[in-house]
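Report on the structure
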Amino acid sequence: MAQARAQSDPPKRAQIYERVAEQVLKDRPIVYLFNRHWLWAYNAKLAGFRTVPDGMVRVQDLKMN
């Protein structure tokens, strides 16, 4: 990406971006584009609740005191 930004010749820049796109398609990374602000409501007796960036609720280690 830095090489492409530094390149002033448009065809050469396009070649570099093509290689980057090929690598991205090969690797298939997960890219989070945003992070929702989730609102959680629960009883104070609940212990072990933790939030994670993907928004999924993990129920392991939850306990009611």
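Treat the numbers as computed from the prediction; the structure is a model and nothing was measured.

Focus on the overall build of the protein
A count of helical and extended segments in the protein gives two helices and two strands. Seen in sequence order, the protein has helices and strands lined up from the N terminus as α-α-β-β. For 65 residues, the compact-globule estimate of 2.2 N^0.38 gives 11 Å, and the C-alpha radius of gyration of the protein, at 22 Å, exceeds that figure by more than 25%. C-alpha extents for the protein along the principal axes are approximately 65 × 20 × 15 Å. With 65 residues in all, the protein has 6% of them scored as buried. Taking the intrachain contacts of the protein between residues at least 6 apart in sequence as the baseline, contacts between residues at least 24 apart amount to 0%.

Some remarks on unusual backbone geometry
Here the phi dihedral of Asp61 falls at roughly 70°; this positive angle occurs in a residue that is not glycine. Structurally, the position occupied by Asp61 is in the loop between strand 1 (46-47) and strand 2 (63-64).

Observations regarding the confidence of the model for the protein
Looking at the protein as a whole, the pLDDT averages 85, with 94% of positions reaching at least 70. Helix 2 (residues 10-27) holds the highest mean pLDDT among the elements of the protein, 92, whereas strand 1 holds the lowest, 88.

Examining helix 2
The end-to-end C-alpha distance of helix 2, which contains 18 residues, comes to 26 Å, matching closely the 26 Å that a straight helix rising 1.5 Å per residue would cover. Looking one or two residues past helix 2, Arg28 carries a phi angle of roughly 50°, positive in sign.

Remarks on a nonpolar patch on the surface
Taken together, the side chains of Trp40, Tyr42, Val57 and Val59 present a nonpolar region at the surface, about 380 Å² in accessible area. Position of Tyr42 among the secondary structure elements: in the loop between helix 2 and strand 1. According to the relative accessible area criterion, Tyr42 is partly exposed, its value standing at 48%.

The rules behind each value
Every residue gets a number counted from 1 within its own chain, in the order that chain's sequence is written. Two thresholds apply to this predicted model, a pLDDT of at least 70 for residue-level local features and 80 or more for giving and counting side-chain atom pairs, whereas whole-chain, interface and lining totals are computed over all residues. Computation of side-chain values: all heavy atoms of the structure, hydrogens and water removed. Helix and strand definitions follow DSSP, with helices as H or I runs of at least four residues and strands as E runs of at least two, each counted in order from the N terminus. Restricting the calculation to C-alpha atoms gives the radius of gyration, and the globule rule supplies 2.2 Å times the number of residues raised to the power 0.38. The buried label applies to any residue whose accessible area, calculated with a 1.4 Å probe on protein chains only, is under 20% of its type's maximum; exposed applies above 50%, and partly exposed to all values in between. For this analysis, residues touch if any pair of their heavy atoms sits within 4.5 Å. pLDDT is a per-residue confidence score from the predictor, ranging from 0 to 100. Here a helix's expected span is defined as the number of its residues, less one, multiplied by 1.5 Å. Candidates for patches are residues over 30% relative accessible area with no salt bridge; among them, like charges are joined within 9 Å and nonpolar side chains (Val, Leu, Ile, Met, Phe, Trp, Tyr) within 5 Å. Surface accessibility in these figures is a Shrake-Rupley result with a 1.4 Å probe; residues are shielded only by whichever protein chains are displayed. Any Lys or Arg side-chain nitrogen located within 4 Å of an Asp or Glu carboxyl oxygen qualifies as a salt bridge.

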